[in-house]
Amino acid sequence: MIDKIAFKKLINSFDNKKQFYFCCLYGIDSLSHIQGSDTESIKQLYKSFDNNLGKLRNFLEDKSTYEDTLIIITSDHGHSNTSEHFDLVEYLKSKNKSIFYYPLTFKKLYKKFDSSVMVSGNSMAHIYLNSNFNWSKPFSFSQHEELINDLISQDAVDIISYKNPKGDIIILSSRGKSLISDKESSIYYQPLENDPFDYSISEGLYDENQLLDLTYETNYPDAIIQLLQIFRSKRCGDLVLSANPGWDFRKKFEIPLHKSSHGSLRKRAYDCSLNFKQKN
Ligand SMILES: [Zn+2]
């Protein structure tokens with residue numbers, strides 16, 4: 001329904017004057033979270049998207065502008081069914097942490113907190129940690145080593161990443177450990193103990209396209225670049241967690257229950273298509 005309204009708005013706003021139109025369709029994502037990503041209703045939503053696209057095409061043809069219009073259709077992530085929940089907030093509370101987390105983000109209620117959890121897409125989470133309630137000091141692995149080792153042993157947790165004091169990204173999984181170094185014109189990758197992604201990439205300098213090619217057919221396509229981009233953001237957590245298939249980092253008894261997730265570094269969670277139509 002919401003997508004139908006969005007398409008209608010898009011068509012109604014067309015006035016031949018604007019050069020660029022952007023339309024965001026939330027329906028498939030929202031319903032997938034609640035129902036699971038492969039139900040009959042979801043398939044119906046894809047069909048209705050296709051139908052609405054046809055209407056848009058007819059509309060543009062009637063206006064004689066279809067041939068001169070570039071249409072790009074893409075998504076920012078995929079979806080993967082989820083049946084198990086690992087409540088990171090409760091987990092950190094059990095480790096005696098005082099936590100700042102969404103939706104309880106009113107600062108005055110949380111004057112003193114030594115950790116924060118922000119879940120994204122439900123199968124990725126950022127954890128922010130400090131020592132002795134001092135947020136001015138940078139994250140230090142050695143002060144949180146016990147917690148990190150305990151987290152990586154949890155069934156829900158697939159990958160944990162953090163920065164070492166030199167600014168390199170360290171990646172941990174139950175399968176191994178590796179390092180990413182953000183060099184100016186290239187990316188240095190070094191497996192330290194086996195490989196946390198099960199990649200067969202040897203130590204060395206690569207560019208973004210090479211790393212995409214080398215990882216495209218694996219369970220973690222482009223994960224090195226994805227992590228690099230995440231860690232370039234100032235808002236990035238001290239720990240970045242990616243969930244195992246079937247898991248998310250939300251509450252067990254939340255309302256509504258989430259049956260599908262995205263955000264993790266696994267193929268299914270961010271596999272999405274890019275289609276475009278242009279002249280010729
Ligand atoms: Zn979503």
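Residues numbered from 1 in each chain as written. Predicted model: local features only at pLDDT ≥ 70, side-chain atom pairs only at ≥ 80, totals over all residues. Heavy atoms only, no water.

We now examine the environment of proline 191. Here proline 191 lies in strand S9 (residues 187–194). Since its relative accessible area comes to 25%, proline 191 is described here as partly exposed. The spatial distance from the C-alpha of proline 191 to the C-alpha of serine 202 is 7.1 Å, given a sequence separation of 11 residues. If sequence neighbours within four positions are ignored, proline 191 has contacts with Lys177, Ser178, Ile201, Ser202 and Glu203. (Helix = DSSP H or I, 4+ residues; strand = E, 2+ residues; numbered from the N terminus. Buried < 20%, exposed > 50% of the residue type's maximum accessible area, 1.4 Å probe, protein only. Contact = heavy atoms within 4.5 Å.)

In this section: the environment of aspartate 68. Mapped onto the elements of the fold, aspartate 68 is located in the loop between helix H3 (40–62) and strand S1 (71–74). Assessed through its relative accessible area of 59%, aspartate 68 is described here as exposed. Residues aspartate 68 and serine 116, spaced 48 residues apart in sequence, show a C-alpha to C-alpha distance of 49 Å.

The next point concerns unusual backbone geometry. The phi angle at asparagine 122 is positive, at roughly 85 degrees, despite the residue not being glycine. Tracing the backbone shows asparagine 122 in the loop between strand S4 (115–120) and strand S5 (124–129). Positive phi, close to 65 degrees, is recorded for aspartate 222, a residue that is not glycine. Along the chain, aspartate 222 turns up in the loop between helix H6 (208–215) and helix H7 (223–232).

Turning to the domain arrangement of the protein chain, a few remarks are in order. Along its sequence, the protein chain is carved into domain 1 (2–69) and domain 2 (81–268). Placing a centre on the C-alpha atoms of domain 1 and another on those of domain 2 gives a separation of 34 Å. Listed by partner, the interface residues are eight residues for domain 1 and 11 residues for domain 2. Both sides of the domain 1 and domain 2 interface together cover about 650 Å² of buried area, and 43% of this is carbon and sulfur. Considering only the surface of domain 1 that becomes buried against domain 2, His33, Ile34 and Ser37 emerge as the three largest contributors, covering 71% of it. Our count for the contact surface shared by domain 1 and domain 2 stands at zero salt bridges. Inspection of the region where domain 1 meets domain 2 yields six residue pairs in polar contact (both at pLDDT 80 or more). In terms of residue class, the side of domain 1 that touches domain 2 is built from one nonpolar, five polar and two charged. (Domains from an automatic or database assignment. Buried area = accessible area lost by both parts, 1.4 Å probe. Salt bridge = Lys/Arg side-chain N within 4 Å of Asp/Glu carboxyl O. Polar contact = N/O pair within 3.5 Å; in protein donor to acceptor, adjacent residues only side chain to side chain. Nonpolar A, V, L, I, M, F, W, Y, C, P; charged D, E, K, R; others polar.)

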